[in-house]
Amino acid sequence: MTPHIQKLFDLMEEAWYPHQEGTLELTVSAESNHTIYIKSERENGLTLINSEEGEVSSTVKFDEDFLILILQNLDTIDFRKPFIISQIESSGDFEFSSFLFHLIKRPASDVVW
């Protein structure tokens with residue numbers, strides 16, 4: 001797993017809450033493809049699993065350069081924008097994959113809590 005994929009998973013895990021269950025197959029392509037499987041369960045939280053452990057609910061694929069762009073813009077990334085959507089290949093349960101990717105968004109540093 002690349003450091004960028006690990007960072008993506010860490011952000012998802014940090015913000016995860018028991019909303020939806022399923023398994024995401026995420027492939028990030030660079031010089032070679034890196035595929036991970038992320039499972040969301042109400043009782044066990046968010047975990048990395050082997051592909052053999054059940055059905056995949058959703059698949060998402062994009063380039064590592066795009067992942068780097070996402071990680072550099074956590075406070076402004078808008079998954080509704082055509083440029084962003086055009087960089088992502090997705091199939092399966094769109095609501096589930098959308099839930100996981102919205103977990104990585106963070107408020108801008110000038111937002112007061």
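Peer 1: Which parts of the structure should I look at to understand the pattern of salt bridges?
Peer 2: Side chains that carry opposite charge are capable of pairing whenever their charged atoms lie near each other. Here the structure, examined in full by the defined rule, presents three salt bridges. In this structure, Arg106 and Glu14 form a salt bridge, with 3.3 Å as the shortest nitrogen-oxygen distance. Of this pair, Arg106 sits in the segment after α4 (94–102) while Glu14 sits in helix α1 (residues 3–15), placing them 92 residues apart in sequence. By relative accessible area, which is 62% here, Glu14 ends up exposed. Ionic pairing is found between Arg80 and Asp78, a salt bridge with its closest N-O pair at 2.9 Å.

Peer 1: Help me understand α1 in this model?
Peer 2: Because each turn of an α-helix spans 3.6 residues, side chains separated by three or four positions end up pointing in the same direction. The terminal C-alpha atoms of α1 lie 19 Å apart, and with 13 residues this matches the ideal 18 Å at 1.5 Å per residue to within 8%. Ile5, Leu8, Phe9, Leu11 and Met12 are the residues of α1 that are buried. Axial view of α1: buried residues confined to an arc of 160°, hence all on one face. Exposed residues lying more than 90 degrees from the buried face of α1 are Pro3 and Glu14.

Conventions used here
Residues numbered from 1 in each chain as written. Predicted model: local features only at pLDDT ≥ 70, side-chain atom pairs only at ≥ 80, totals over all residues. Heavy atoms only, no water. Salt bridge = Lys/Arg side-chain N within 4 Å of Asp/Glu carboxyl O. Helix = DSSP H or I, 4+ residues; strand = E, 2+ residues; numbered from the N terminus. Buried < 20%, exposed > 50% of the residue type's maximum accessible area, 1.4 Å probe, protein only. Expected span 1.5 Å × (residues − 1). Arc of directions from axis to C-beta.

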